[in-house]
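Remarks on the overall topology
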Amino acid sequence: MPAFTSEKELRALQLEGLQWTVAHAYRGSDFYRARFDEAGVSPDDIQGLDDLRRLPFTTAADLASGYPFPLRSVPFERLVRIHASSGTTGKRKILGYTQKDVDDWRDIFARCYEMAGVGPADRVQIAVGYGLWTAGVGFQAGCEAVGAMAVPIGPGNLDLQCELLIDLEVTVLCCTASMALLMAEELGKRGLNDQVKLRSIILGSEVCSQAMRERILDLTGAEHIYDITGMTELYGPGAGIDCREHDGIHYWADYYLLEILDPDTLQPVPEGEMGEMVVTTLRKEGAPLVRYRTRDLTRLIPGRCACGSPLPRHDRLMGRSDDMFIFRAVNIYPGQIADVLSRTSGVSCEYNVVLTREGGKDQMKVLVERDPEADPAADGALAAGIRDRIQKDIMVTPEVQLVDYASLPRSERKSKRVYDQREG
Ligand code: ZN
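Because the structure is predicted, anything quoted here is derived from the model rather than measured.

Our next topic: the coordination of the zinc ion. Each protein donor to the zinc ion is listed here as Cys243 (SG), His250 (NE2), Cys305 (SG) and Cys307 (SG); together their distances run 2.1 to 2.3 Å. If you look at the zinc ion, its 4 donor atoms make angles of 104 to 113° with each other, and the shape they trace is tetrahedral. All donors of the zinc ion come from a single chain, and their spacing in sequence reads C-x6-H-x54-C-x1-C. In this pair, His250 is assigned in strand 9 (residues 249-251) and Cys307 in the loop between strand 13 (300-301) and strand 14 (313-314), connecting sequence segments 57 residues apart. Taking relative accessible area as the criterion, His250 reaches 0% and is therefore assigned buried. What makes Cys307 partly exposed here is its relative accessible area of 35%.

Shown next, in the form of structure tokens:
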């Protein structure tokens, strides 16, 4: 667990890390040196944590223009590995790791497992992708570091997943939410639920509704579902996880600074309000991040967690700032609608927003999938409840319509959820 017990100790570690990072990037990277010079800031100017605000931002476009070794701040001889993630357009993002980066990533991932109560007695089925994509190898290194037994099966192959889960008496399953649901349902179909020994499920990289969580827990008999966060730019998965209280994601504030900024003005939002996550690494050598705009939206959760951990928390991710749309002069993020749905029982987490213009007035329709177990006779009341909630939380009044489970289009990571059919 972290090497600090108070906020004061944490701030001292953060300042030390920030000063080191800025000096390291300035010395080792032509890109950062040029950027810092342009912004008129030198490593000596970083005297306190507030001086972070003097530093320029880094964006996904900077990663693209630096392809294939963006933000590289060490000689090639010191890089021991690369990982890549799919870029939204064009080339994928590739990030280089030094041996220390690989070790640090293992250590923070081990903390994630510890936070989820995973230890030497556990058997961990790792049903996420291995290879260029960072997930699998991160899950495995962290698992071995806490002394648990890794079952490195990778994604897919439902037959083998079910077989090993039962035969090896697996206690922890790591996968995406849709995979967890698929497996839970498959175990049910085969009448194997009674033989499952799962205690915990660790989910990565997908929004998951409350209904879906309850269904997964119910079918598998597991006690906890944990959400793990992370991205390739920031080592990979393992940047944070919720604790047994499930009241927000604890993030490793001694490894990176998290700013929550208004995506338009790039100024901090008041504590507790939603904004874009901007990340500055404190120890990363190969490709450090300085005020990297993740485009992911969330909010900080004020106060200390009931679990007693001194680690700060942010909320679950609420979508991407690029996905914002404007409806009747209100800025809306699809994640705000997903958030309402995640707190509504009887619906899945799949939805579409359709924007049209009728008689010169903008109209918004929200299509929501009914939960497979829910009774269509209750659609009217359910739709009215969702509409009222959206009205209260987002200050707009859409038409809400329930549709059959699995009737909305599904795609991989980037599902299109907003269809803007307004003209002009
Ligand atoms: Zn906690």
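Attention now goes to the nonpolar core. Ranked by size, the top nonpolar core spans 62 residues in total, and within it Leu55, Tyr113, Val124, Phe139, Ile202, Ile241 and Trp252 carry the most contacts. Top contributing element to this core by residue count: helix 4 (residues 99-115), with 8 residues. Not counting the four nearest positions on each side in its chain, Phe139 is found in contact with Phe109, Tyr113, Ile126, Val128, Cys174, Ile202, Ile228 and Pro237. Listed in part, the 26 residues of the second largest apolar core include Val151, Leu181, Met183 and Leu198.

Let's shift gears to the domain arrangement of the protein. Entries for the protein in the domain assignment read domain 1 (1-320) and domain 2 (324-420). The C-alpha-based centres of domain 1 and domain 2 are spaced at 29 Å. Interface of domain 1 and domain 2: buried area, both sides summed, is about 1400 Å²; carbon and sulfur atoms make up 60% of it. Linking domain 1 to domain 2 there are 1 salt bridge.

Definitions and limits used
- Residues numbered from 1 in each chain as written.
- Predicted model: local features only at pLDDT ≥ 70, side-chain atom pairs only at ≥ 80, totals over all residues.
- Heavy atoms only, no water.
- Donors = N, O, S within 2.8 Å, 3.2 Å for Na, K, Ca; no water.
- Tetrahedral: all angles 85-135°; square planar, octahedral: opposite > 155°, others 65-115°.
- Helix = DSSP H or I, 4+ residues; strand = E, 2+ residues; numbered from the N terminus.
- Buried < 20%, exposed > 50% of the residue type's maximum accessible area, 1.4 Å probe, protein only.
- Core = buried A, V, L, I, M, F, W, Y, C linked by side-chain atoms within 4.5 Å.
- Contact = heavy atoms within 4.5 Å.
- Domains from an automatic or database assignment.
- Buried area = accessible area lost by both parts, 1.4 Å probe.
- Salt bridge = Lys/Arg side-chain N within 4 Å of Asp/Glu carboxyl O.

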